[in-house]
Amino acid sequence: MKDQLRHIIETTLTQLIAQNSLPALTLPEIQIDRTKDKSHGDFACNVAMMLARSAKMNPRQIATLLVDALPETDFITKVDIAGPGFINFTLSADSAQQVVKTILAEGEQFGQSDLGAGQSVQVEFVSANPTGPLHVGHGRGAAYGSAVSSLLKAAGFKVHREYYVNDAGRQMDILATSVWLRYLETCGETFIFPSNGYKGAYVSTIAENLKFAHGDAFLAPTVDVFDGVVADEPAGGDKERHIDDLISNARRLLGEDGYRHVFDAGLNAILADIRQDLSDFGTDYDEWFSERSLMETGVVDDAIDALKKAEMLYEKDGAWWFKSTEFGDEKDRVVVRDNGQTTYFASDIAYHLNKYQRGFDTVIDIWGSDHHGYIPRVKASLTAMGKNADRLKVLLVQFAVLYRGSEKVAMSTRSGQFVTLRELRDEVGKDAARFFYVLRGADQHMDFDLELAKSQSNDNPVYYVQYAHARVCSVFRQLSERSLTWDKVEGEKQLTRLTEDHEQALLSMLSRYPEVINTAATNYTPHLLAHYLMDLARDFHTYYNAHQFIVEDQPLSQARLTLITAVKQVITNGLSVLGVSAPETM
RNA sequence: GCGCCUGUAGCUCAGUUGGAUAGAGUACCAGUUUCCGAAACUGGGGGUCACAGGUUCGAUUCCUGUCAGGCGCACCA
């Protein structure tokens, strides 16, 4: 509808210029906005004001010229000039009703567009280290990432959802060693567990399973395990060196195969848990991409070679540095350490090179906002390798602060005192959790009230929207109880009977849905959709309270049933994009 | 110290890419059921859009500065 208006205005303006009614000038982008106020019609255009300066004419004068020259159309009934020079359009009743037929005809497809024209987008999100269960911070990334993915898909993009598995690096070595130490404990060895190790109960569970499956195969005496190990911090030593020494002892005592076995036991168990957890949360991926594979297939070496060839690396203090300052970063960054090991950053350069090589038109990374300082160096590496860094979009997600009523829930990763995503799901449910997460802009700090999310009251926005859907279903249950039926064909014929203000408002709201999807998709802002659904639900509840749908007047009744069926469809579609269910009963 | 993000009603937050009289929810107050589900609806009060300049027909929105809060500044991941 906006496009049609835009087209008409554009052609009329060029016509006016051709007739010398307007001076020759380049036309600006024609903006068509929905009006905030019903008295201003349905759509407004500000082009007269935008042209006033370059045409050296009064905006109202331009508007008058334009309006007089506009051709007759069947979908516009009224054109007004208002305020400083706004041109307001009022839709004909017929074209306003048309949206209901469109919704019923397109069903689940309604709202989808070809805006993306099949361009491919890769969306990488969550990507938490597989060193423990996901917590509520990851939950927001999961809800946001999958909502953005669904939005892009609805807007006609080819979407590839990916989880980057950090299955290499020091943190994973710490996990492997933690598993091994717990395993030794189940074998009867006794020692003080390292302060920097992973102490969660899940580590012991993995160790017990290892013991069950392999008996004493990985056993080593405690004296050997702690041989030459620097004292731990509580004992007056250094906790980092303490754990690093334990790791190298583990490697030595277990041998390459044994160490890899223990390592993979930890990795696989936790990864399986994460996959299940995300799947239960309604977040699914097209690919789980292994960091280790980047090293094993030589992509990391390739990336380093590419940078060397481009003369973007130099050697200093035994390490290889990337000249990221040449691209606006604060300082140069190490990619190969003096001990020959590549850094996490080197893997990430390789990973992004690989993403580009796979040919995605756009690459989206969704990170916790605490990683924002990382953006310049990743973009720098892409530029240095001759890639267009603008194809990479990094979206940041702020952490959510949990509240129970007005009480802040204490959380700290260090003490291991975090609320897991699974606990959140168990407490408030998948639907409420997802909806709450996407209710706010991702870059906004967010207060997540557990009490509110699980309350079955009018305070809770999730239920508010779902209830609107259930209410429509309930009306149809009532209909069949009275042995009546809904006749779609008849209903569509009678749409002209929808003349009440509430019905007009609903029609207008329904027609906005495709625009909301496109705006939310292009801006990566699912919260716009969440808010739209609340607005739609409110218009519906208001309508419900003001009017009966099942009435004696059969044509009217059919028209109303047709309208609320369209409402039900749009709520279903919108909630589905957000990964929230649309229940028939509450 | 430098960089990024944020500052809108008592509280939690929107604000259609610069538009008309700045909006919801919640809380508070007052109402609505012989009627399809009251998990709903109607009405009311509540604002220096942090502050000060600038850009223009027009600024909550864009630019600069100040103040306040969050985060980040590793040969960790």
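Conventions used here
- Residues numbered from 1 in each chain as written.
- Chains lettered and ligands numbered in written order.
- Predicted model: local features only at pLDDT ≥ 70, side-chain atom pairs only at ≥ 80, totals over all residues.
- Heavy atoms only, no water.
- Pairing = 2+ DSSP bridges.
- Helix = DSSP H or I, 4+ residues; strand = E, 2+ residues; numbered from the N terminus.
- Phe/Tyr/Trp six-rings, centres within 6.5 Å; stacked < 30°, edge-to-face > 60°.
- Buried < 20%, exposed > 50% of the residue type's maximum accessible area, 1.4 Å probe, protein only.
- Core = buried A, V, L, I, M, F, W, Y, C linked by side-chain atoms within 4.5 Å.
- Contact = heavy atoms within 4.5 Å.

K.L.:
Tell me about the sheet that holds strand β13 (residues 400–404), residues and numbers included.
P.N.:
In spatial order, the strands read β14-β13-β15; together these 3 strands make up an open sheet with mixed pairing. Lying at the two open borders of the sheet, with one neighbouring strand each, are β14 (407–408) and β15 (446–449). With 4 bridges connecting them, β13 and β15 associate as parallel partners. Among the inter-strand pairings, Leu402 is bridged to a residue of β15, identified as Phe448.

K.L.:
Any chance you could break down the packing of aromatic side chains for me, citing the residues and the numbers?
P.N.:
Considering all chains together, one arrives at 24 aromatic pairs under this definition. Judged by centre distance (6.2 Å) and plane angle (45 degrees), the ring pair of Phe322 and Phe345 falls under tilted. With a gap of 23 residues between them, Phe322 in strand β9 (residues 319–322) and Phe345 in helix α12 (residues 344–357) connect regions that are remote in the sequence. As far as burial versus exposure is concerned, Phe322 and Phe345 are alike and both buried. Between Tyr437 and Phe448, the aromatic rings sit 5.3 Å apart at their centres with planes inclined by 65 degrees, giving edge-to-face as the arrangement. Placement of Tyr437 in helix α15 (residues 430–437) and of Phe448 in strand β15 is noted, with a sequence separation of 11 residues between them.

K.L.:
Quick one: what's the story with the nonpolar core, residue by residue and with numbers?
P.N.:
Grouped together as the largest cluster of nonpolar side chains are 124 residues, with contacts concentrated most on Leu152, Trp180, Tyr437, Phe448 and Leu529. Sorting elements by how many residues they give to this core places helix α9 (residues 239–280) first, with 13 residues. In contact with Leu529, not counting residues within four places along its chain, are Leu151, Tyr513, Val516, Ile517, Gly574, Val577 and Leu578. Ranked by size, the runner-up nonpolar core spans 33 residues in total, among them Ala346, Ile349, Phe360 and Trp367.

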